[in-house]
Amino acid sequence: MIEFIDFKPDNQNVWNDYAEKHPHSEVYHLAQWAAIYKETYNYTPYYFFVREESEIVGILPLIHQKGLLKNILVTPPAGILLNNPKKHNEEIFRFVTALKENLRASDVLFYKNYKLSPGLYESLENIRILKQLPETVDALNKDIGKKRRWGVRKAEENGLTHIVIKPTLQDIKLFYKIYGTNYRDLGTPVNSEKFFRKQLEYLGGNIKMFIVFKEDKLICVKWLLEYKLEILSSESATLREFFPTRINDYQIYHAMKYAIEKGFQTYNMGRSQQESGTYAFKVSWGACQVQPYPVYRTKQQSGIAEKKSKFKLFIKAWKKAPVAITNIAGPILRKNMTLD
């Protein structure tokens, strides 16, 4: 028999210590995300310790995303953590189902790791690409192959340079200009600038900003989250007119190089839709680990391709809208609509 114990801010160290010691933990398992989502979007976090007798055997983080057109329970992107999922999955699923009904939520999304019930609907459209880094930059140069080395060399000949910094609030404003433009060009609503400010406030020690310049012009930014022995490229945005400079080769290579020099063992490129152009580019960087990124739901949903087709006209119009407008409207849409 297990118990579900409410997480309190005073227990943050206990929560994070459990995550730190778990072999499958990621930066999104940290307790601070509860406050980040609450203070950015006014979502209510429901975070629980899973306890058996006197031992913590898991952590169950859930975010109640309630807006004008959505009312769902969602785990953070890394999902939940359990010592023995097969032993406790049924009890946990019953608990979450009861919470869903109590909140009158329409759906529950479990990201990534455990299928708690055979009745959950499963989506396998996205995958994650992880690069297990060699010990030296010389070994990385050999591993990535001629094509990628050529792209990096061309980018350097085109005058690209970069810095890696711990960002300030002013740096976030610079980041958001590129991020907002890139997301507009993709036809995707942005997260709020406040979302990144809150990450800096609560997770400042885990965050670096990777910035690429063409001469004096900022053309690319990456939002890097560092945790244990892994660096996650959480967000990456580039001004499209600079694609011919081989900027994408440059930014990935030098982010990996930075990770090696700082002693990290894994560079996490994040998720991509299977067989997409982004997927093909990411797996071209030598030996990479391709991980399934399942999403489990209590309610069946349409697939990514069907959603894109459904919102085709919206996406087309969004790409033509001024960035000033999409930067205002994007966070409103993200708060009030289900975009996953």
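Engineer: So what exactly am I meant to see when it comes to the layout of surface pockets here?
Structural biologist: Taking a probe equal in size to a water molecule and rolling it over the atoms shows the remaining empty space. Of the pockets and cavities examined, the second largest pocket occupies roughly 390 Å³. Around the second largest pocket sit 17 residues that line it, and Pro 23, Ser 25, Glu 26, Leu 130 and Glu 230 are the ones nearest its centre. Of all the secondary structure elements, the ones that give two or more residues to the lining of the second largest pocket are strand 8 (126–132) and strand 14 (289–292). Within the lining of the second largest pocket, the residues separate by chemical class into five nonpolar, seven polar and five charged.

Engineer: Whenever I open this one, the pattern of salt bridges confuses me. Can you help?
Structural biologist: Oppositely charged side chains can form a pair if their charged atoms are brought close together. Within this structure, the stated rule accounts for 15 salt bridges. We note a salt bridge from Arg 51 to Glu 3, for which the minimum N-O separation is 3.2 Å. Note that Arg 51 is positioned in strand 2 (residues 44–52) and Glu 3 in strand 1 (residues 2–6), a separation of 48 residues in sequence. Taking relative accessible area as the criterion, Arg 51 reaches 30% and is therefore assigned partly exposed.

Engineer: How do you make sense of the nonpolar core when you look at a structure like this?
Structural biologist: Burial of nonpolar side chains together is a common tendency in soluble globular proteins. Judged by nonpolar contacts, the single largest core of 93 residues is most densely connected at Trp 33 and Leu 60. With nine residues, helix 7 (residues 247–261) is the single largest residue contributor to this core. Sequence-distant contacts of Trp 33, defined by excluding residues within four places in its chain, comprise Val 27, Tyr 28, Tyr 47, Phe 195, Gln 199, Leu 203 and Leu 225. Ranked by size, the runner-up nonpolar core spans six residues in total, among them Ile 72, Val 74, Leu 109 and Val 295.

Engineer: When you look at unusual backbone geometry in this model, what are you seeing that I'm missing?
Structural biologist: Look at Glu 215: it is not a glycine, yet its phi comes out positive at around 60°. Among the secondary structure elements, Glu 215 is positioned in the loop between strand 10 (207–214) and strand 11 (217–227). The backbone phi angle of Arg 246 is positive, close to 70°, even though this residue is not glycine. Overall, the relative accessible area of 25% leaves Arg 246 in the partly exposed class.

Engineer: Quick question: what am I supposed to make of the packing of helix 4 (residues 137–157) against helix 7 here?
Structural biologist: In a packed pair of helices, the relevant descriptors are the angle between the two axes and the axis-to-axis distance. Relative to each other, helix 4 and helix 7 sit at 145°, their axes nearing to 8 Å. With respect to the hand of their crossing, helix 4 and helix 7 are arranged in left-handed fashion. Seen from helix 4, the contacting residues are Val 137, Leu 140, Asn 141, Ile 144, Arg 148, Gly 151, Val 152, Ala 155 and Glu 156; seen from helix 7, they are Asp 249, Tyr 250, Tyr 253, His 254, Met 256, Lys 257, Ile 260 and Glu 261. When its residues are assigned to classes, the contact of helix 4 with helix 7 shows nine nonpolar, three polar and five charged.

Engineer: What am I meant to see in the packing of aromatic side chains here?
Structural biologist: Geometry of an aromatic ring pair is reported as the spacing of the ring centres plus the angle between the planes. Inspection of every chain in the model, using the stated rule, returns 25 aromatic pairs. Both rings, one in Phe 195 and one in Phe 196, keep their centres 5.6 Å apart while their planes meet at 70°; by these two values the pair is edge-to-face. The class for Phe 196 is buried, based on a relative accessible area of 1%. An aromatic cluster is present here, built from Tyr 28, Trp 33, Tyr 37, Tyr 41, Tyr 43, Phe 175, Tyr 176, Tyr 179, Tyr 183, Phe 195, Phe 196 and Trp 223 joined pairwise through their rings.

Engineer: Would you take a moment to explain the sheet that holds strand 9 (residues 160–165) for this structure?
Structural biologist: Strand pairing in a sheet takes place through backbone hydrogen bonds and is either antiparallel or parallel in direction. In spatial order, the strands read 9-10-11-12-13-8-14; together these seven strands make up an open sheet with mixed pairing. In this open sheet, the two strands that pair with only one neighbour each are strand 9 and strand 14. When the angles between neighbouring strand axes are averaged without regard to direction, this sheet yields 25°.

Engineer: Explain the state of the cysteines here, please?
Structural biologist: What makes a disulfide is a covalent bond joining the sulfur atoms belonging to two cysteines. Enumeration according to the criterion identifies zero disulfides in this entry. Between Cys 220, a free cysteine, and Cys 288, which holds the nearest cysteine sulfur, the sulfur-to-sulfur gap is 18 Å.

Engineer: So what exactly am I meant to see when it comes to the pairing of strand 4 (residues 70–74) here?
Structural biologist: Where a strand is regular, its side chains alternate between the two sheet faces. Within strand 4, five of the five residues are buried, leaving the element largely enclosed by the surrounding structure. Alternating positions in strand 4 separate into two faces, Lys 70, Ile 72 and Val 74 on one and Asn 71 and Leu 73 on the other, with burial throughout. Bridging between strand 3 (residues 55–67) and strand 4 involves five bridges; their strand directions are antiparallel. Pairing of His 64 across the sheet is with Leu 73, part of strand 4. Joining the antiparallel neighbours strand 3 and strand 4 is a turn of two residues.

Engineer: Is there a simple way to explain helix 7 in this structure?
Structural biologist: Residues three or four positions apart in an α-helix share a direction because the helix packs 3.6 residues into each turn. A rise of 1.5 Å per residue sets the reference length of helix 7, with its 15 residues, at 21 Å; its end C-alpha atoms lie 21 Å apart and thus fit the reference within 8%. Counted residue by residue, helix 7 has 12 buried out of 15 residues, so it is predominantly covered. Downstream of helix 7 by a residue or two, Gly 263 has a phi angle that is positive, lying close to 90°.

What counts, and where the lines are drawn
- Residues numbered from 1 in each chain as written.
- Predicted model: local features only at pLDDT ≥ 70, side-chain atom pairs only at ≥ 80, totals over all residues.
- Heavy atoms only, no water.
- 1 Å grid on protein atoms, 1.4 Å probe; cavity = no way out; pocket = protein on both sides within 12 Å on 5 of 7 lines; lining within 4 Å.
- Points joined across faces, edges and corners; volume = space filled by probe spheres on them.
- Helix = DSSP H or I, 4+ residues; strand = E, 2+ residues; numbered from the N terminus.
- Nonpolar A, V, L, I, M, F, W, Y, C, P; charged D, E, K, R; others polar.
- Salt bridge = Lys/Arg side-chain N within 4 Å of Asp/Glu carboxyl O.
- Buried < 20%, exposed > 50% of the residue type's maximum accessible area, 1.4 Å probe, protein only.
- Core = buried A, V, L, I, M, F, W, Y, C linked by side-chain atoms within 4.5 Å.
- Contact = heavy atoms within 4.5 Å.
- Axes fitted to C-alpha atoms, helices over the stretch in contact; angles between N-to-C directions.
- Left-handed = near helix turned anticlockwise from the far one by under 90°.
- Phe/Tyr/Trp six-rings, centres within 6.5 Å; stacked < 30°, edge-to-face > 60°.
- Pairing = 2+ DSSP bridges.
- Disulfide = S-S within 2.5 Å.
- Expected span 1.5 Å × (residues − 1).

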